Amino acid sequence: MGKTVLVVAAHPDDEVLGCGGAMARHAAAGDDVHIVLVAEGVTSRDAARAAADRGDDLEVLRTAARAAAACLGARAPLFLGQPDNRLDEVPFLDLVKTIEAVVEQVAPDVVYTHHGGDLNQDHRLVQAAVLTALRPLPGVRPTALYAFEVLSSSEWTAPTAHTAFLPQRFVNITDHLAAKLAALACYRSELRDFPHPRSLQGVETLARLRGMTCGFAAAEAFAVLREVVA
């Protein structure tokens, strides 16, 4: 019987950057892959948030997210529509309760989310909310909780003992790197030209580096936040 996988990402494209290869691998193995995108991903580019004025851009980004999920074999994403790069303005308890509701509905076995030391504040807040929603109380379902890295955030933070991304889990995505890159290509508005890290060449370079770390042609790396053996 396949596993149920939940990916909780702050912005559209974070899910692909962080664990697109792992998602494609899960889907190929018959697992049921769900994606939650917390913030809308557009309005931080404006002086003040006016989501109503960005309707077309928001729909373009959501269409890209749906296409990316299809490339990976995942279900269409759930969009929470929170303010982009303004999650610090959202009551933390409200954010936790929203994620708790998703967890209750999906009942995941495995959860992927952000690294808590990322430069982007939305990434940090999403990880904190996921950890709070999944605090290990009796009956809480997930047996594995992993943090992924996101290029142009994880490596741009000031490296300290509390912020550095220190992976312990490496997943072979050699057979799924093409799907990850195809999914990322759906996000044309979010990609940049190499040598920007959020480029197709940058993402492939990281996958090759992580692969060399563990003896594969390509891999994704994760920090282990929790693994439970019942």
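Structure's up top.
What comes next concerns the included structure. (Residues numbered from 1 in each chain as written. Predicted model: local features only at pLDDT ≥ 70, side-chain atom pairs only at ≥ 80, totals over all residues. Heavy atoms only, no water.)

### Side note on the packing of aromatic side chains
- For the structure on display, the rule yields three aromatic pairs.
- Ring centres of Tyr112 and Tyr146 lie 5.6 Å apart, and the angle between their planes is 45°; this geometry places the pair in the tilted category. Here Tyr112, found in strand S4 (residues 110–114), pairs with Tyr146, found in strand S5 (residues 144–148); they are 34 residues apart in sequence, far enough to count as distant.
- Judged by centre distance (6.5 Å) and plane angle (45°), the ring pair of Tyr146 and Phe222 falls under tilted. Residue Tyr146 is found in strand S5, and its partner Phe222 is found in strand S7 (residues 219–227); the two are separated by 76 residues along the sequence.
- In textbook terms, an aromatic cluster arises when at least three aromatic residues are bridged by ring pairs, as seen for Tyr112, Tyr146 and Phe222. (Phe/Tyr/Trp six-rings, centres within 6.5 Å; stacked < 30°, edge-to-face > 60°. Helix = DSSP H or I, 4+ residues; strand = E, 2+ residues; numbered from the N terminus.)

### A look at the pattern of salt bridges
- Taken as a whole and judged by the stated rule, the model has eight salt bridges.
- For Arg66, the salt bridge is made with Glu59, and the minimal N-O distance between the two is 3.2 Å.
- Residue Glu220 pairs with Lys180 through a salt bridge whose shortest N-O separation is 2.6 Å. Here Lys180 lies in helix H5 (residues 177–185) and Glu220 lies in strand S7, a separation of 40 residues in the sequence. Lys180 carries the same exposure label as Glu220, and that label is buried. (Salt bridge = Lys/Arg side-chain N within 4 Å of Asp/Glu carboxyl O. Buried < 20%, exposed > 50% of the residue type's maximum accessible area, 1.4 Å probe, protein only.)

### Examining helix H1 (residues 14–28)
- Between its first and last C-alpha atoms H1 spans 21 Å; for 15 residues at 1.5 Å apiece the expected length is 21 Å, and the two agree.
- In the structure, H1 departs most strongly from a straight axis at Gly20, where the bend amounts to approximately 75°.
- For H1, every residue scored as buried is listed here: Asp14, Glu15, Val16, Leu17, Gly18, Cys19, Gly20, Gly21, Ala22, Met23, Ala24 and His26. (Expected span 1.5 Å × (residues − 1). Bend = angle between axes of the 7 residues up to and from the residue.)

### Some thoughts on the nonpolar core
- The biggest cluster of nonpolar side chains holds 43 residues, and the ones touching the most others in it are Cys19, Tyr112, Phe148, Tyr187 and Phe222.
- Elements represented by at least two residues in this core include exactly strand S1 (4–9), H1, strand S2 (32–39), helix H2 (55–72), S4, S5, H5 and helix H6 (200–214).
- Ignoring any residue separated from it by four or fewer positions in sequence, one finds Tyr112 in contact with Val5, Leu6, Val7, Val8, Cys19, Ala22, His26, Tyr146, Phe148 and Phe222.
- In this structure, Val36, Val106, Ala133 and Leu134 belong to the second largest nonpolar core, which totals 20 residues. (Core = buried A, V, L, I, M, F, W, Y, C linked by side-chain atoms within 4.5 Å. Contact = heavy atoms within 4.5 Å.)

### Comments concerning the sheet that holds S4
- Spatial ordering of the open sheet is given by S3-S2-S1-S4-S5-S7-S6, a layout of seven strands whose pairing is mixed. If you trace the sheet from one side to the other, it starts and ends with strand S3 (78–82) and strand S6 (169–172), each paired once. Between one strand and the next, the sheet's axes are offset by a mean angle of 25°, whatever the strand orientation.
- Its contacts with the sheet place helix H3 (residues 92–106) against S1, S2 and S3, and it is angled at close to 160° to S1.
- Set on the sheet, H6 makes contact with S6 and S7; between it and S7 the angle comes to about 70°. (Pairing = 2+ DSSP bridges. Axes fitted to C-alpha atoms, helices over the stretch in contact; angles between N-to-C directions.)

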